[in-house]
Amino acid sequence: MTDLVEVLLPNALDHGFDYRVPEGMAAPVGTIVTVPLGSKHTLGVVWGAGRGGVDPGKIKSILQVHDEFPPLSKQFRKFLQWTAWYNGAPKGAVIKMALPIADIEKQGRVTASQISAIHHENITIAELSKEQKAAKELLVGKSGEGFHISLLDGVTGSGKTEVYFAAIAEQLARHPQGQVLVLLPEIALSVQWLSRFEERFGVAPVLWHSNVTPARRRAAWQAIATGHARVVVGARSALFLPYPHLSMIVVDEEHDGSYKQEEGVMYHARDMAIARAQHEHFPVVLVSATPSLESVANVQAGKYSEVTLTSRHAEAHMPSIHLIDMRAEKLDRDSFISQPLRTAIADALAQGHQAMLFLNRRGYAPLVLCRHCGHRFQCPHCSAWLVMHQKKRGNEELKKWRNDEKKEFLNSSIPQFPCHLTCHHCDYHIPLPSACPECKSENTLHACGPGVERIFEEITTLMPQARVATLASDSATSHSELSRIIEAMEKREIDILVGTQMIAKGHHFGGLAVVGVVDADLGLSGGDLRAAEKTYQLLHQISGRAGREQVRGHVYLQSYIPDHPVMQALAEGGRDAFFAAELEARKTADMPPFSRLSALIIEGHKEEEVIATTKKLASLTTHHSPLITTYGPAPAPLYMLRGKYRYRFLVKAPRNINLPNYMQDWVEGVKAPRSVRIKIDIDPMSFL
């Protein structure tokens with residue numbers, strides 16, 4: 001009798017389908033195969049013996065075995081299955097992350113000659129300081145112990161990247177076929193990183209992120225799956241690719257919230273990296289100047305080893321931090337840069353240095369309203385205000401347009417050039433109207449608050465001779481444009497760089513003397529459990545861009561609450577004391593990392609069905625363990641998102657509770673309409 005196997009497909013199902021293995025074909029467990037599905041063909045993975053219970057006449061046969069790729073190992077398959085269980089996701093959705101290329105079978109076989117090989121004789125690691133050498137030796141020593149977690153904790157500018165580059169080089173030498181994965185939280189961090197890597201290793205690594213072209217992604221996937229890609233640098237999705245010889249993972253900026261995937265399979269890439277390393281028995285290195293409180297607590301508990309770098313490289317000094325009390329500043333209406341910050345920037349430019357202005361808010365203004373009737377422009381699909389953006393124009397074009405038209409920008413809250421209103425959640429957008437759509441009044445629309453485009457406008461008006469550029473996801477929409485801006489900053493062709501969190505971490509600009517944070521309080525509102533931690537980390541990281549070489553750095557934080565513990569910790573350099581106080585507050589409140597959280601999100605296009613499903617789930621909370629606290633249900637802060645109505649529960653449990661099983665048992669107790677989706681978010685980072 002022909003063998004039957006279960007083939008797991010990259011879809012939203014938690015089970016596979018039975019297929020026949022044709023006579024003379026071998027399809028062991030873990031093999032990547034092509035199978036028919038309806039009228040199409042698709043890739044899948046042989047997951048085990050056939051499940052049975054299907055009419056034999058309806059069972060189709062495997063079309064092709066992809067023996068050009070190694071089978072997925074037992075350990076990797078266990079990791080994928082564990083990922084699905086832990087995050088409450090279908091196994092097929094996790095397989096889809098491992099097999100993201102639908103037409104792999106159409107591509108030619110990858111050979112070693114097609115991949116830039118790393119030759120050990122070409123590796124030239126930069127000269128390390130005594131402290132850096134000691135840190136490298138500690139990392140290398142721990143990497144020989146199989147699974148191990150190290151936290152490389154170093155001040156900004158201390159050379160953490162060079163240290164783990166040296167550790168990677170030794171790991172590759174120790175494992176001739178081994179592969180190393182470096183995770184970066186955002187593509188913006190990879191521009192300078194890639195240049196440094198090529199300088200050290202003599203070849204570019206394989207790159208994996210959403211902006212890589214389909215052809216390059218196919219080539220990258222094949223290089224990874226065949227083991228030819230020795231070093232891969234990528235965003236969080238790179239973690240789930242089928243490396244046959246993975247021997248180390250480095251998670252740079254491990255504290256960064258971008259590692260949390262909020263759509264589809266909801267997972268935290270840092271935590272999943274640790275899980276993969278444990279399943280496949282190799283070391284993982286977490287890197288940060290401002291570690292997450294979870295990592296700090298794990299170091300204190302002895303679960304992680306800590307490797308520290310306490311001083312900046314090449315005798316550079318940490319920047320001076322200056323708090324500007326905005327309550328005492330007398331700014332003109334629609335001005336947002338204080339006089340002390342203006343003076344500091346002017347002085348820096350006069351000395352031939354550079355400056356950076358940071359505001360973690362895209363666009364021109366976060367809200368537009370009518371002064372006459374109070375109408376506010378809101379997205380029809382989301383519970384969010386529409387954000388004003390300048391029409392797509394380059395920095396120089398905007399400056400030229402303003403000068404040619406002789407517009408006095410600061411005399412009006414609405415810019416004179418064309419603008420549009422957009423939703424940052426669903427990308428709905430409309431042109432900015434000339435009159436209020438509610439009361440039909442003209443010249444009554446008012447832009448409230450600043451975004452980076454408005455700060456760009458103000459600083460170019462204040463300093464018309466300065467070369468100013470912006471760096472945000474709206475202004476740098478491609479990797480080449482991002483590279484161009486960063487290269488110009490490196491060559492000191494830009495005097496002032498205005499940007500969002502894209503400029504906050506990972507960059508090294510030798511001429512940067514002044515960093516100004518326009519609204520340092522921005523992240524402290526909203527009731528987020530991690531608000532203080534996140535704000536401190538972000539402001540510490542942006543502060544660390546200043547004074548990284550011979551130039552003395554100064555950081556100016558504009559704040560309306562300068563006495564806040566976050567601001568005081570930054571001003572006094574009291575990072576460890578701040579972390580200790582935060583941990584104590586979390587312990588007193590029995591919040592993570594001393595307990596576990598999980599969220600349940602119910603969403604759908606029909607409000608009445610969402611509410612009915614939510615009520616059914618709420619009725620089951622009376623059967624919950626007394627050790628578990630359930631908050632809600634409540635309408636989500638973003639009650640409507642992309643046209644879907646949303647409710648949320650929040651669950652708090654002791655760390656010894658099997659929270660994934662608990663959440664899945666709860667969800668399985670309710671049969672929801674097909675139009676309603678119930679999502680489990682283990683260890684949530686967002687509460688919207």
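The structure displayed is predicted, hence computed values, not measured ones.

Rules used throughout
Residues numbered from 1 in each chain as written. Predicted model: local features only at pLDDT ≥ 70, side-chain atom pairs only at ≥ 80, totals over all residues. Heavy atoms only, no water. Helix = DSSP H or I, 4+ residues; strand = E, 2+ residues; numbered from the N terminus. Rg over C-alpha atoms; globule rule 2.2 N^0.38 Å. Contact = heavy atoms within 4.5 Å. Areas by Shrake-Rupley, 256 points an atom, 1.4 Å probe, with all protein chains shown as cover. Lys, Arg positive; Asp, Glu negative; His and termini not counted. Charge placed at Lys NZ, Arg CZ, Asp CG, Glu CD. Expected span 1.5 Å × (residues − 1). Buried < 20%, exposed > 50% of the residue type's maximum accessible area, 1.4 Å probe, protein only. Salt bridge = Lys/Arg side-chain N within 4 Å of Asp/Glu carboxyl O. Pairing = 2+ DSSP bridges. pLDDT = per-residue confidence, 0-100.

Draft legend 1. How the structure looks around the overall build of the protein. Secondary structure summary: the protein contains 17 helices and 27 strands in total. By the compact-globule yardstick of 26 Å for 688 residues, the protein fits well, its C-alpha radius of gyration being 27 Å. By its C-alpha atoms, the protein is 85 × 65 × 55 Å across when sized along the principal axes. Within the protein, contacts between residues at least 6 apart in sequence are counted, and of these 77% link residues at least 24 apart. For the protein, the accessible area works out to roughly 29,600 Å², and carbon and sulfur atoms hold 50% of it. Distance from the positive charge centre (75 side chains) to the negative charge centre (73 side chains) of the protein: 4 Å.

Draft legend 2. Quick peek at helix 1 (residues 74–86). For helix 1, with 13 residues, the first-to-last C-alpha span of 18 Å sits near the 18 Å given by 1.5 Å per residue. By the burial criterion, the buried members of helix 1 are Phe76, Arg77, Phe79, Leu80, Thr83, Ala84 and Tyr86. Where helix 1 is buried, its residues meet strand 4 (40–49), helix 2 (91–98), helix 7 (269–280), strand 24 (596–604), helix 17 (659–668) and strand 27 (676–682).

Draft legend 3. Representation of the pattern of salt bridges within the structure. The final tally for this structure, using the stated rule, is 29 salt bridges. Between Asp576 and Arg575 there is a salt bridge, and its shortest N-O distance comes to 2.9 Å. When its relative accessible area of 53% is taken as the criterion, Asp576 is described as exposed. A salt bridge links Glu603 to Lys679; its shortest N-O distance comes to 3.6 Å.

Draft legend 4. Highlighting the pairing of strand 25 (residues 629–641). Here strand 25 runs beside strand 26 (residues 644–653); their pairing, made up of 7 bridges, is antiparallel. Within strand 26, the residue paired with Tyr631 across the bridge is Leu650. Where strand 25 hands over to strand 26, the hairpin turn is made up of 2 residues, of which Arg642 adopts a positive phi near 55°.

Draft legend 5. Spotlight on the confidence of the model for the protein. The share of residues in the protein with pLDDT of 70 or more is 92%, and the mean pLDDT across the chain is 88. Taken element by element, the protein is modelled with least confidence in helix 10 (residues 395–405), mean pLDDT 49, and with most confidence in helix 7, mean pLDDT 97. Confidence drops under pLDDT 50 across residues 110–114; counting only partners more than four residues distant or on other chains, this segment forms 8 contacts. Ignoring residues within four places in sequence, the model shows residues 404–412, a span with pLDDT below 50, making 15 contacts including any to other chains.

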